[in-house]
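Overview (structure and organization)
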Amino acid sequence: MRIDGNTVKLLRIPFSFFLMPLFLFAYSQAETVAHRQALFAFLIIHLLVYPASNGYNSYVDKDEDSIGGLEKPPMPTASLFYLTLFLDFTAIVLALLFVNIMFAGCLVLYIAASRAYSSRQIRLKKYPVTGFLVVVIFQGAFTYYMSIAGVSGSALVLNQEHIYVLLGCSFQIAGAYPLTQVYQHKQDLKDGVITLSYKLGYIGTFLFAALMFLLCNVFYYLYFTSRGLGMVFAIIQVFFLPIIVYFGYWFHRVWRDRSEANFRNTMRMNWIAAVCMNSCFIVLIIINRIPLSYISAIETAVPEHCYSQEALASFYLKSTDDLTNKRKIKIVAGKTGIASRYSVISDFDKAPEDYQFFNKTATLLPEPTLTQRMQLYQKHATNLSKSAIERIEGFEQIKGTLTHLITVTCTGLFAPGLDVELVRELDLNPAIQRSSVNFMGCNAAIIALKNADAICNSQPHAKVLIVCTELCTIHFQKRYNDDYLLSNLIFGDGSAAVLVTSEPGQHYLHPVKIDTFNSLILHNGYSDMAWQLSETGFIMNLSSYVPDLIRKNIKPMMDRIGLVAEEFKHWAVHPGGKRIVDDFAGALELDKCHMAPTYNVLKNYGNMSSPTVLFVLKEVLAKAKPEHAGNRIFAAAFGPGLSIETMQLRYV
């Protein structure tokens, strides 16, 4: 077999550029990408299969006039026929060796359809409607399906949104294909082929193509909006605009002069469409393959025992006979801004003889040991965490797809640990990646979110479950210094679960994108928020200077990172205490209405340590309105050290 320049020319390899968009589109939309297989699939399709199809068509037709990609085609020889067989065979072998059997099977079907379309024995192309449908299906929906198989190594699940995209691809080809035939009417008739374009006529071809492109756009719209990606559809329209403009211009010229339906104008249309669409789908690849992170859901849970602040203050009052201590308790309790708190302990509104956890005396002596407190933690932490997690909408359906689990707590520890308990109790994938943020206090939720953001930014399709669970009230101490007056009167129990994903979820009105994080440690507050283990539980240091430290430093911190409070429409601030919230708002000159979710959580739950800021953020996100699209959200929490952790989010 002798292969000369004319034989290679008839393969029309550059013509593959015009057929490239659907592969790039599939690459941009594939759930998973096996990059090595995707590269081989791309090369096999565009350098072997498409050229073989072009060559076989030229060999059978023996065109004397212009054909796609060649204005003056040379006459084919037998070597072209054998070369196309070699290319098809090589494509199938390489697909089996370097891609996957599903992709290879799709290639066999595509090659068979291509041969049936052109061959003299079957000659599907001579039937206007049948030939048109074969091209539309195999170069449209089937090519997208085949490309997905090559890119991801798995079959495309035929759910509603994927049916939309397959229809969109086929209508895209349905609009383009008749235009490629509009200048070939005489040549086709000479060969005994009656194309759909000939049946429609010159004007009818353009009108039909316009209708097909409209339907293509409709199904692309349905596909992207069903996935919550309306912005991506808008981006596509920008790239489609030059195609529409030239299409309209060419149609106008053909309307006035039928000779304008010629080879050169057709190729110009092909080049404009291919450049725009290839560029569009490359942009989609960049958008989809640069991982981002989104908060897809936040759910919360509290224990069954709810106590008014008065009941909890009364319990504290009964533990001492010192009048000064009683007066302090009443004063502090009245200034907390808290109406109720929750606890796993059932004793706070009972008579001493009915206590289950504390010693059955009004003095509470001897106090529960650290061992007893940790036993109570282990008894309740897992169930409370489960309650929050299982409230995530559709959790049973998505739990098998979770890639990472991050547990957060500072009020109790045990082994194997909360993370292992949750994997077992929730029947999560035992191979899920686990990590824990322990003993880092009230701002640990933002630290966990920072870790989840890093995971999603490095791993496409990551789904990270964070659960923050704190049982603060199990560390109630019979102490009356200023630190314990605050801690005994503001802390409550609660749990929050957050689903962070690398793709936007549909739980909220607008997807909630995580933008960035910033941290600051105030060394001059080293001793103002801290705790230590002791034989009777955690010993807390919670100084009244904490609000002053936050007030003096939050504005300079924002200035250093170039943030202006006016840029943010929504605020989720950890309610460490009423004075902290008041001073935070005052330092940034915020109207207190911006802090309403923070005050509401403080009033109804108190300070639950790490999950508290997530309770606030949940309330903020629940109030999203259509006009909030594009708005920015600022979240902040404060922990030992004294440390400030902030997070910026955006409605997209």
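An account of the accompanying structure is given in this report. This one's a predicted model, so the numbers in the text were calculated from it and none came from an experiment.

Spatially, E5-E4-E6-E7-E1-E8-E13-E12-E11 is the arrangement adopted by the nine strands of the open sheet, whose pairing is mixed. Looking at the sheet topology across the chains shown, the edges are occupied by strand E5 (433-438) and strand E11 (570-573). Averaged over all adjacent pairs, the angle separating strand axes in this sheet is 25°, with direction ignored. The pairing of strand E12 (residues 632-639) with strand E13 (residues 643-651) spans eight bridges and is classified as antiparallel. Residue pairing for E13: Phe634 is matched across the bridge by Gln648. Across the sheet, helix H14 (residues 370-389) lies against strand E1 (294-301), strand E4 (404-409), strand E6 (463-471) and strand E7 (493-501), angled at about 135° from E6, the strand it touches most. Helix H22 (residues 612-622) contacts E1, E6, E7, strand E8 (512-521), E11, E12 and E13 of the sheet and is inclined by roughly 115° relative to E1.

The next thing to look at is the environment of Val408. As for its placement among the helices and strands, Val408 is situated in strand E4. Residue Val408 is classed as buried on the basis of its relative accessible area of 0%. The spatial distance from the C-alpha of Val408 to the C-alpha of Leu418 is 8.9 Å, given a sequence separation of 10 residues. The residues contacting Val408, other than those within four sequence positions of it, are Val437, Ala444, Ala445, Ala448, Ile466, Val467, Cys468, Thr469, Glu470 and Ser610.

Among the structural elements, Leu465 can be located in strand E6. With 16 residues separating them along the chain, Leu465 and Leu449 place their C-alpha atoms 9.7 Å apart. Excluding residues within four positions of it along the chain, Leu465 makes contact with Ile389, Ile392, Phe395, Leu402, His404, Leu405, Ile406, Ala497 and Val498.

For helix H18 (residues 482-490), a buried count of seven out of nine residues is recorded, marking the element as mostly surrounded by other parts of the structure. Capping the start of H18 is the job of one residue whose side-chain oxygen sits 3.0 Å from the backbone nitrogen of Tyr484: Asn481.

Interhelical geometry of helix H5 (residues 101-118) versus helix H6 (residues 128-152) gives an angle of 165° and a closest axis separation of 10 Å. Taken together, the axes of H5 and H6 lie roughly antiparallel to each other. As for how H5 packs across H6, the hand of that crossing is left-handed. Within the contact between the two elements, H5 uses Met102, Phe103, Cys106, Leu107, Leu109, Tyr110, Ala113 and Tyr117 and H6 uses Gly131, Val134, Val135, Phe138, Gln139, Phe142, Thr143, Tyr145, Met146, Ala149 and Gly150. Residues belonging to the contact of H5 with H6 are distributed by class as follows: 15 nonpolar, four polar and no charged.

On to a nonpolar patch on the surface, then. A surface patch of nonpolar side chains, about 480 Å² in accessible area, is lined by Ile3, Val8, Ile13, Leu39, Leu43 and Leu47. Of the residues forming the nonpolar patch, the biggest block, three residues, is contributed by helix H3 (residues 35-61). By secondary structure assignment, the location of Val8 is in helix H1 (residues 5-9). Residue Val8 is classed as partly exposed on the basis of its relative accessible area of 39%.

Rules of the game
Residues numbered from 1 in each chain as written. Predicted model: local features only at pLDDT ≥ 70, side-chain atom pairs only at ≥ 80, totals over all residues. Heavy atoms only, no water. Pairing = 2+ DSSP bridges. Helix = DSSP H or I, 4+ residues; strand = E, 2+ residues; numbered from the N terminus. Axes fitted to C-alpha atoms, helices over the stretch in contact; angles between N-to-C directions. Contact = heavy atoms within 4.5 Å. Buried < 20%, exposed > 50% of the residue type's maximum accessible area, 1.4 Å probe, protein only. Polar contact = N/O pair within 3.5 Å; in protein donor to acceptor, adjacent residues only side chain to side chain. Parallel < 35°, antiparallel > 145°, perpendicular 65-115°, else oblique. Left-handed = near helix turned anticlockwise from the far one by under 90°. Nonpolar A, V, L, I, M, F, W, Y, C, P; charged D, E, K, R; others polar. Patch = residues over 30% accessible without salt bridge, like charges linked within 9 Å, V, L, I, M, F, W, Y side chains within 5 Å. Areas by Shrake-Rupley, 256 points an atom, 1.4 Å probe, with all protein chains shown as cover. Salt bridge = Lys/Arg side-chain N within 4 Å of Asp/Glu carboxyl O.

Any functional reading would require information beyond the geometric quantities listed.
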